[in-house]
Structure formats: structure tokens, C-alpha cells
Amino acid sequence: MAEHEHVRVAVIGSGFGGLGAAVRLRREGITDFVVLERAGSVGGTWRDNSYPGCACDVPSHLYSFSFAPNPDWPRTFSGQEHIRAYLERVTDDFGLRPHLRFDSEVKLMTWDEDELRWHIETASGSLTADVVVSATGPLSDPKIPDIPGLDSFPGRVFHSARWDHDFDLRGKRVAMVGTGASAIQIVPSIQPEVGRLTVFQRTPPWVMPRMDRAIGTAERKLHQALPFTARLRRGLLWGIRELQVQAFTKHPDELGLVEQLAKRNMARAIKDPALRAKLTPDYRIGCKRILLSSAYYPALARPNVDVVAAGVTEIRGSTVVAADGTEAEVDAIVFGTGFHVTDMPIAERVVGVGGVTLAEAWKGGMEALRGGSAAGFPNWLSVIGPNTGLGNSSMILMIESQLNYLADYMRQLDTLGGRTALDARPAAVDRWNRRVQERMKRTVWNTGGCTSWYLDASGRNTTVWPGTTSEFRQATRRVDLTEYEVLRKPAPETPKPAAVPSEATA
């Protein structure tokens, strides 16, 4: 990174959000930008999560950019390796390589109130930027619970997002802590090779069958020859999910039929009544993310698997102890315990107006105008920010909506001219957030009777969008300047020419 480098835009992260922002900037004619990535390659969560069985639970043709369709998806639900390859291809196809700065983890971002620009310190050097687009993503920093005795465990310990590929699980006694979206993919993938697998389940998930299949050559050739067929497929996948939103956001009681289907899915594989009782949730389906797997329940029914219906409370040597007193001696502990979603570490490194960090500004809960702008942090936009998550559809749809907003944001700055910044007005942020939280009150995520990672420490839902993706697209179509304070750097005064002595005073 060049010394004293200055760019128009600094994008943080090279997952779907960061690469999407880079593509959109180039399409808007903006080439003076960099993408700062802490790792050595692109991919974000699809680079970091390489655990056995890692795959997407959103159909492939919906989990891709609309401006970069992929007619060659090999399966209806693609695996991690296919999604990562897709992101590498997007990087090449749109000429993003020159903008990438690998091994450049952001250590600190500080707003300069006099110069109206961001000072950014990274692991590879420093730079300044007029605008920052934070696309670090909510699923980027793994969370491992603080369990007494964990530090002295003699075996291997790793998180699902930091899989230890050098450790051979064959014949080993393994503890799987957590039963979320990663765990239900890991369990059936490692069950056939481990000696014994003990699954520690604090709360059982609702699991529906995963209707996955290979996409045949003829199908792929059709999409290549007639691109509108792929667009039609994507449109149908999108439309079905838009119709489902009402049940999640306004009429959670309608989800009872879905619960019955999930129970039948369980009953087909789990014949033991005691195990079935352990695996049956006591909350409304949809309150936590509905998981998709046709292999999870059959794996739990195998003789080398034990399900402990309690969380882990202590580690004694090589023994894992659960809250109900169950003990299991293991050689390895795998944590599928999620991420820092409502307390993202990056927030500690963003310093806005008056020296206030984003973490301090969000100590009462995350909130941002239209999911992107936080008051007191001028020219700082987040992608997949507060209340932009989804419970039933593709996040790529939400990302593309935020990219529309980014594009108009840059246009507004150009129209205003000069050294200019936009700072979201606190009243506008509060008004937006109150509307979102009011709509959230009747959603299944707030009324379903569960505790999920959608909720922050105070029990407020600061992650999910309580509406359709088309509603969000409309809300982020353009920037409303009345919601922002326009900051300008005064033009430097032109020095007055020195007075020339007259003949009378010479």
C-alpha cells in the first residue's frame, strides 16, 4: 500500500457485500477505490467456512448477483467450494483484482472532522478515504463461549468457521457444541468416520428436508443458451419467498402447518420416542432460522451418536460436562456456536464525530438509517447493517438494494460538489428505527418464544428486516438528503495580493 495513499472510497471486506460494492462503484464510473481484506483471498464467510458439508441453504440461482448470473451451478443448493469459486470468478470478470489489498486487516478508522475524510490504519499500512463502505458481514467473527476449564483441555478445540483440516477425526471421540446451521451440516458429514460423536444441544432447531439435487447438463445448457430461463427460475424462487414473508412477519400462527411437516420429517428418521422428545422444539417454527437437512436426523439416530439436551457448563481435563450433569470424554471439541452478530468487533475500531466509537454509539443496540448510515459517522455506509438480515430468503437481494443506495449516495456527493460529507440525522435514524421495531413486535422472531442470535443482549431484534425484500428495495432506492446533515469543508481563502506603494508614499 502506497505511503499517504488517498482514495475516494475504501471498501472493507471482500465477501458478497464488498465485491458487490466494488462492482457497483466501477459501474458508476468510480475507479478510485480499494477493497481492504484481512485474509489472503476473496470470499468472506465462504472462504472462512470450509468445514465438512458446508453448503448454502438458499437455492443457488437466488444466491448469486442479478448482474452476474451463473448458468453452471452444479446443484440446486451449492456447496462452499462452488460459491467461493463463483466469487473468484466475479472478481476476475469485473476487473476487481487491481483494487484488492490482501492481508490488510483494518485496525482503526478515525473520522477527521476538519478534513472530512477517514484515516484508516491497516495491517499493511495507512491511507485516507472520503467514503468508507463497511462490508465486514455479521458472520465473520466466530463466537466461542467462555467455559471454565476450556483452556486446559488437552485435545483439539476449534470453531466451525476455523476448521482444523490437519486434525484427523477418524476414530476420535468428538464433542459437537451447538445445533445451528453449521452443526446440522457437520454432524452427518463426520458421523461415519468418528469413533463417537456427542452432540450438545442447548435448544433443538426446527429442521425441514433439504430438496437438493444435481443440476443436469441439459438444464445448464438451456440456461446458457437461453439466459431468460435462468432469470425466470430466479424470479420464481424469489416470488415464492416473498409470498411466505407474511407468515413470518404478520401471521405467525399460520406456520403451524409447517411445524407439522417438520415433525413428520423428524419422525421418519427418529424412531426412539425419548430421542424424538429431545429433538422437538418448544417454540414456534421460524422463531430461529428454519434449517434444511435430509441427513441430520438420520445421523443422530446412528449408534455412535449421543444427543445431550443441555449446554456445556464445564471442561474437566478431557471430560465435557453438561448442565444436566452428563459427562463425555472426548479428543476434540468443535464449536458451532455462531458469531458476534450484535456485538461486531469492527465497531470498536470505528471512531466517529467527537471521538465516539461505533460500539459506544450502539451500546443500547445497533441502529442505522435504512440499514446503512449511523448518526455521527459521516460518509460511512454499512452493507448488511442493522435490521437487514432475512429469515427466509437470499441476503444477496438485500445487498443489491444497499448497493443501489450506495450508488445514489455517491451521486449526491458529486452533485453537492467540493469536499462534502453526509451525516445521518439522529432524528432520522430514530424515526426509521422506531418504525422497524414497531413492525418487529408481531413477527415470529419476537413472538415465537425462543432466544435467538437475532436478538441482542437486551432482547431487541437488531438483525432481521421485518418485511419483504421488495419493500426494502423501495426504501433504499435513493438517498433523501433531508435525512442527512450536509457537512462541507470551507474552500481555502485566496491570499490578497500585497499592496503596491504609491508614488506619494514611496
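Residues numbered from 1 in each chain as written. Predicted model: local features only at pLDDT ≥ 70, side-chain atom pairs only at ≥ 80, totals over all residues. Heavy atoms only, no water.

Asker: Break down the overall build of the chain for me, citing the residues and quoting the values.
Answerer: Scanning the chain from N- to C-terminus turns up 14 helices and 20 strands. For the chain, the spread of C-alpha atoms along the principal axes amounts to about 110 × 55 × 45 Å. Put simply, the chain has 506 residues, and 54% of those count as buried. Here the analysis covers contacts within the chain between residues at least 6 apart in sequence; of these, 73% occur between residues at least 24 apart. Carbon together with sulfur atoms contributes 52% to the accessible area of the chain, which is approximately 22300 Å² in total. Seen as two clouds, the 60 positive and the 58 negative side-chain charges of the chain have centres 8 Å apart. (Helix = DSSP H or I, 4+ residues; strand = E, 2+ residues; numbered from the N terminus. Buried < 20%, exposed > 50% of the residue type's maximum accessible area, 1.4 Å probe, protein only. Contact = heavy atoms within 4.5 Å. Areas by Shrake-Rupley, 256 points an atom, 1.4 Å probe, with all protein chains shown as cover. Lys, Arg positive; Asp, Glu negative; His and termini not counted. Charge placed at Lys NZ, Arg CZ, Asp CG, Glu CD.)

Asker: Could you give an account of the packing of helix H1 (residues 16–27) against helix H11 (residues 395–416), with specific residues and numbers?
Answerer: Interhelical geometry of H1 versus H11 gives an angle of 40 degrees and a closest axis separation of 10 Å. Considering the angle they form, H1 stands oblique to H11. Between H1 and H11 lies a crossing of right-handed hand. Residue-level inspection shows Phe 16, Gly 17, Gly 20, Ala 21, Arg 24 and Leu 25 of H1 in contact with H11, the latter providing Ile 396, Ile 399, Leu 403, Asn 404, Leu 406, Ala 407, Met 410 and Arg 411. Tallied by class, the residues present in the contact of H1 with H11 amount to nine nonpolar, three polar and two charged. (Axes fitted to C-alpha atoms, helices over the stretch in contact; angles between N-to-C directions. Parallel < 35°, antiparallel > 145°, perpendicular 65-115°, else oblique. Left-handed = near helix turned anticlockwise from the far one by under 90°. Nonpolar A, V, L, I, M, F, W, Y, C, P; charged D, E, K, R; others polar.)

Asker: Give a detailed account of the environment of Phe 167, specifying residues and quantitative values.
Answerer: Its location among the elements puts Phe 167 in the loop between strand E7 (156–159) and strand E8 (173–177). Of the residues examined, Phe 167 reaches a relative accessible area of 15% and is grouped as buried. In this structure, the C-alpha to C-alpha distance between Phe 167 and Leu 100, residues 67 residues apart in sequence, is 32 Å. With residues near it in sequence (within four places) discarded, Phe 167 still touches Arg 156, Phe 158, Lys 172, Asp 331 and Ala 332.

Asker: Requested: an account of the state of the cysteines, with residues and values cited.
Answerer: The tally for this structure, following the rule as stated, stands at one disulfide. Summary of cysteine pairing: Cys 54 is not part of a disulfide, and the nearest cysteine sulfur, belonging to Cys 56, is at 8.8 Å. With a relative accessible area of 8%, Cys 54 lands in the buried category. (Disulfide = S-S within 2.5 Å.)

Asker: Describe a nonpolar patch on the surface, naming the residues involved and giving the relevant values.
Answerer: A cluster of nonpolar side chains, contributed by Leu 222, Leu 226 and Phe 228, occupies part of the molecular surface with about 270 Å² of accessible area. Relative to the assigned elements, Leu 226 resides in the loop between helix H5 (217–225) and helix H6 (227–249). (Patch = residues over 30% accessible without salt bridge, like charges linked within 9 Å, V, L, I, M, F, W, Y side chains within 5 Å. Salt bridge = Lys/Arg side-chain N within 4 Å of Asp/Glu carboxyl O.)

Asker: Account for the nonpolar core, with residues named and values stated.
Answerer: If you look at the biggest cluster of nonpolar residues, it comprises 104 residues, and the most contacted ones within it are Phe 16, Phe 65, Leu 197 and Leu 300. Broken down by element, the residue count for this core peaks at eleven residues, all from H11. Apart from residues no more than four positions distant in its own chain, Leu 300 is found in contact with Val 187, Val 199, Ile 270, Leu 275, Leu 279, Val 305 and Val 307. Counting 26 residues, the second-largest nonpolar core is a separate cluster that includes Ala 10, Val 34, Leu 127 and Ala 421. (Core = buried A, V, L, I, M, F, W, Y, C linked by side-chain atoms within 4.5 Å.)

Asker: Let's hear about the pairing of strand E19 (residues 420–424): which residues, and what values?
Answerer: Among the five residues that make up E19, five are buried, leaving the element largely enclosed by the rest of the structure. A two-sided burial pattern is seen for E19, the buried positions comprising Thr 420, Leu 422 and Ala 424 on one face and Ala 421 and Asp 423 on the other. As paired elements, E19 and strand E20 (residues 484–488) share five bridges and run antiparallel to each other. Its bridge partner being in E20, Asp 423 is matched across the sheet by Glu 485. (Pairing = 2+ DSSP bridges.)

Asker: If you had to explain the confidence of the model for the chain to someone new, which residues and values would you point to?
Answerer: Low pLDDT means the predicted coordinates in that region are not meant to be read closely. Confidence along the chain averages 95 in pLDDT terms, with 96% of residues attaining 70 or more. Overall, residues 502–506 carries pLDDT values under 50, and its contacts beyond four positions in sequence, including any with other chains, amount to zero contacts. (pLDDT = per-residue confidence, 0-100.)

Asker: An account of the pairing of strand E16 (residues 332–335) is needed here, citing residue identities and associated values.
Answerer: Alternating positions in E16 separate into two faces, Ala 332 and Val 334 on one and Ile 333 and Phe 335 on the other, with burial throughout. In this sheet, E16 lies alongside E7 in parallel orientation, the contact comprising four bridges. Bridging from a neighbouring strand, Val 157 pairs with Ile 333 of E16. Two strands pair when backbone bridges link them, and E8 and E16 are joined in this way by four bridges, in the parallel orientation. From the neighbouring strand, Met 176 faces E16, where its bridge partner is Val 334.

Asker: Provide a residue-level description of the sheet that holds strand E14 (residues 319–322), including the pertinent values.
Answerer: Within the open sheet, the three strands sit side by side as E13-E14-E15. Their pairing is antiparallel. Of all strands in the sheet, those with a lone pairing partner are strand E13 (312–316) and strand E15 (327–329), marking the two edges. Ignoring which end each strand starts from, the neighbouring axes of this sheet average 20 degrees apart.

Asker: Help me get a handle on the environment of Gly 79, residues and values and all.
Answerer: On the secondary structure map, Gly 79 appears in the loop between helix H2 (45–48) and helix H3 (80–93). For Gly 79, a relative accessible area of 9% gives the class buried. The contact partners of Gly 79, leaving out residues within four places of it in the chain, are Cys 54 and Ala 55.

Asker: Go over the sheet that holds E8 with me, naming the residues and quoting the values.
Answerer: Taking strand neighbours across the sheet as the criterion, the five strands line up as E7-E16-E8-E9-E12 in an open arrangement whose pairing is parallel. Every other strand in the sheet has two partners, leaving E7 and strand E12 (305–308) as the edge strands with one partner each. Across this sheet, the average inter-strand angle for adjacent strands is 15 degrees, counted without regard to direction. Bridge count between strand E9 (residues 196–200) and E12: four bridges; the pairing is parallel. The residue of E12 that forms the bridge with Leu 197 is Val 305. Strands E8 and E9 of the sheet are contacted by helix H4 (residues 183–190), whose axis makes an angle of about 165 degrees with E8.

Asker: Outline the environment of Asp 272, listing residues and values.
Answerer: Locating Asp 272 in the fold gives a position in the loop between helix H7 (256–269) and helix H8 (273–279). With a relative accessible area of 42%, Asp 272 lands in the partly exposed category. Residues Asp 272 and Ser 124, spaced 148 residues apart in sequence, show a C-alpha to C-alpha distance of 56 Å.

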